[in-house]
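# Structure assessment
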Amino acid sequence: MNVVVVESPSKAKTINKYLGPGYKVLASFGHVRDLPAKDGSVLPDQDFEMLWEVDGASAKRMKDIADAVKSSDGLFLATDPDREGEAISWHVLDMLNKKRVLGGKTVKRVVFNAITKKAVLDAMAEPRDIDVPLVDAYLARRALDYLVGFNLSPVLWRKLPGARSAGRVQSVALRLVCDRESEIERFVSEEYWNISALLKTPRGDEFEAKLVAANGKRLQPRAIGNGDEAGKLKALLEGASYVVDTVEAKPVKRNPGPPFTTSTLQQAASSKLGFSASRTMQVAQKLYEGFDIGGETVGLITYMRTDGVQMAPEAIDAARGAIVDQFGQRYLPEKARFYSTKAKNAQEAHEAIRPTDFNRSPDKVRQFLDADQLKLYDLIWKRGIASQMASAEIERTTAEIIADNNGEKAGLRAVGSVIRFDGFIAAYTDQKEDGEQSDDGDEDGRLPEINARENLAKQKINSSQHFTEPPPRYSEASLIKKMEELGIGRPSTYAATLATLRDREYVIIDKRKLIPHSKGRLVTAFLEGFFTKYVEYDFTADLEEKLDRISAGELNWKQVLRDFWKDFFAQIEDTKELRVTNVLDSLNESLAPLVFPKREDGSDPRICQVCGTGNLSLKLGKYGAFVGCSNYPECNYTRQLSSEGGAEAEGAALNEPKALGTDPVTGEELTLRSGRFGPYVQRGDGKEAKRSSLPKGWKPEDIDYEKAMALISLPRDIGKHPESGKMISAGIGRYGPFLLHDGGYANLETVEDVFSIGLNRAVTVIAEKAAKGPGGRGRTAAAALKELGEHPDGGGAITVRDGKYGPYVNWGKVNATLPKGTDPQALTVEEAVALITAKAGKAPAAKSKAKPKAKAKAAASDDAKPAKAAAKPKAKAKAPAKKAAAPAKKKKSEE
């Protein structure tokens, strides 16, 4: 009997069926050990020795693997076919060697690009040894990310309170987002005019032609800069006669793009399906691991972490066969297509992402997939098959027209195109991101019949004013594309990097666009000012290239670390003498548009408008940065930085209290103000003044006297309960809107309910709360998202439910939160049991009244895959610790 180690239990079950009774397939659940989340896990003074830690769940799994190996004939390490998969195999082998259970048994590494019976059996027939250079590249990357996080993050905590962390790739990705925001702020819009003529042929067909030349000069795009100039040119065309000079019809071919890589799949899924990068990888992981189709579990796509664009010869043959079957012989090119990547530092070690069987069309698997799985599989199948289809044949027609007004001439052009043969477009067409230019420009539709030298009749002259627009903010897709172009990060890291930026609240996603939060801009400005080299695009790309060269066996991984550490450590040491005032002066200058947005009255934005003499400047507090007056404490003016930054900050900030009216009962003035923690309304002055923060979703500019009075008057008495005779009141508390009756609380759904709910509805809400019993907090029992079946050991149903803090597994009285990024619908019984076991094992500790010490948050988590192991319970966040936090244990299931 041979033991085979894979990563996920679902994959283990499938592969066990393929291999039969002579094999025992066990799952590692991703990484079995990682660097501990504490200082000293990587030791530069001891030539970068790395101290690994095994958690309880992984230790149990490794014991099961070791026990199985003891009585086996050999060991096959079959983790995923990438650097992380190679590293997991290396960790497993190293731990088994330390347990001394191998005893001279044969140990081999096998890799398969798809979970199909043929792919697995072919891989088992051609085993190899562990790729040591690939493991070295993993160790170098892991050490680099750890060293950057553990040494740079504490500098941020000391010099820039409120900052969460810095990471090697994370910080550079954040800089891209912030640099784009700075471009937008610096952008100066320019006026331009477009002029066109609606013309009619002798046959009565109308078409539009655009002005491209005047007075013998070619007009460049946006060359007509004002209304006066546009008016003169329009007058010329109004009185002109028109004749066709030339007509040229030119055949053009459009070729298909290559199959998907990780980044192009994420981009296409964003543009066409609206998926985030994380969601794309979650769904792709499930498509890779497979489904039960016709009594056999098969993977539907090849491995989804790759930067290769080529398909295996047998896959190309299968695609060509499917093209003939489903589209016809006309759609099959004479020769197969071969692609090479243009991405910087691409390794092309694996195939592109493609269907495992091109004859398995989306319609044939529809019944086995949920909606998102079907959408993504459809996208991958169409792009894969289109990559081997014939070119699209397009006829592009260009008509040049001369307008003559008493010898004053102008040139116009009409362009049209028509698809003569759709070719690959029959399967797949690209969709542009917002802000991208179309390949076809203005070639929309086809032109009517137009002949050279014939006269045309003028119907109408159109003149339209436009203004240049700033570059668009990045979306997740366009940021990934930019990172790939620059050679920053690797396919397996993009989704994790974006997730880190969101989790650290460095960026906000609004309508799919990435907007840097003020915290993110402060961190970027600090790093650019004092760690310039380490957020430079070329430096980061060069380091990625060195890591790739390590994996190719061309560089020594420890020498790369030595070279990096020497300069990086010196830079860290230099910051010890850095004063906070130096930091603030630097940030005031580099972030002037954010900190000191222009004022409508043209006054100096750095002068305090409350006292009129103080200078405004960034200040650092316990909860981060804010703007304050230099005349403090005589002038206590403060203002938040805008979350979105830019000139919009001034609109959101209140430079001085805004009078709203007078309370008719107390006679005190109501004012709208802005403090360090956001906008609020206040009645009266001094320490006894009553204040009320604006509820979430309420904007300062929308606050009027009526809304201010409603807020300041809370809690609001609704009426006496008909049974108890006690008053029911409504208010807004720490946990949102609520009802209060006889010392008990019931949640309300919206803030508006606080001001509008009547007595009858309030009584009903209170009754519904009472029916749920104590601790209900107005929430009904979570509905089951998925029934997983009976617990294999203890019996009882296991379900996946959706709770207030996200999806969780329920078994009896045990609730175990799903690890972040886990798809609830893809969870297996084995994974659920592991989560339940891990949670149940920690239950006694939870009964202790002593508060556990909070663990430091992850400092650098942008470059490794998270493990599928059960997540540790989250500890409440503390103030920044004296030592830097370590990267949290990485998971392998999702980026």
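To keep things clear, this report deals only with the structure shown in the data block.

### So, the state of the cysteines
Inspection of the entire model under this criterion finds zero disulfides. Just so you know, C611 is unpaired, no disulfide at all, and the nearest cysteine sulfur is the one on C629, 3.7 Å from it.

### Considering the nonpolar core
In terms of nonpolar packing, the biggest core is built from 163 residues, with L96, L287, L376 and F526 touching the most fellow members. Of the residues forming this core, the biggest block, 14 residues, is contributed by helix α5 (residues 132-159). Setting aside anything within four residues of it in sequence, one finds L96 in contact with M62, I65, A66, V69, L75, V101 and L102. Among the nonpolar cores identified, the runner-up in size contains 26 residues, and A197, L237, V244 and A414 belong to it.

### What about helix α3 (residues 83-99)?
Between its terminal C-alpha atoms α3 stretches 24 Å, which fits the 24 Å expected from 17 residues at 1.5 Å a residue. Taken across its 17 residues, α3 has 12 buried, putting it largely inside the fold. Buried within α3 are the following residues: R83, E84, G85, E86, A87, I88, S89, H91, V92, L93, M95 and L96. One or two positions beyond α3, positive phi appears at R100, with a value near 55 degrees.

### A word on unusual backbone geometry
Of note, the amide linkage connecting Y632 to P633 takes the cis form, showing an omega dihedral of 10 degrees. Relative to the helices and strands, P633 is located in the loop between β19 (624-629) and β20 (638-639). Backbone torsion omega between L714 and P715 reads 0 degrees, so that peptide bond is classified as cis. You can see P715 is positioned in the loop between α21 (705-712) and β25 (716-720).

### A closer look at the packing of helix α8 (residues 262-273) against helix α13 (residues 476-486)
Orientation of α8 relative to α13, taken along the N-to-C sense of each, is 160 degrees, at an axis distance of 8 Å. Comparing the axis directions of α8 and α13 gives the class roughly antiparallel. Two packed elements cross with a definite hand, and for α8 against α13 that hand is left-handed. Packed against α8, whose contacting residues are S263, Q266, Q267 and S270, the element α13 presents A477, I480, K481 and E484 at the interface. When the residues that make up the contact of α8 with α13 are grouped by side-chain class, the tally is two nonpolar, four polar and two charged.

Analysis parameters
Residues numbered from 1 in each chain as written. Predicted model: local features only at pLDDT ≥ 70, side-chain atom pairs only at ≥ 80, totals over all residues. Heavy atoms only, no water. Disulfide = S-S within 2.5 Å. Core = buried A, V, L, I, M, F, W, Y, C linked by side-chain atoms within 4.5 Å. Buried < 20%, exposed > 50% of the residue type's maximum accessible area, 1.4 Å probe, protein only. Helix = DSSP H or I, 4+ residues; strand = E, 2+ residues; numbered from the N terminus. Contact = heavy atoms within 4.5 Å. Expected span 1.5 Å × (residues − 1). Axes fitted to C-alpha atoms, helices over the stretch in contact; angles between N-to-C directions. Parallel < 35°, antiparallel > 145°, perpendicular 65-115°, else oblique. Left-handed = near helix turned anticlockwise from the far one by under 90°. Nonpolar A, V, L, I, M, F, W, Y, C, P; charged D, E, K, R; others polar.

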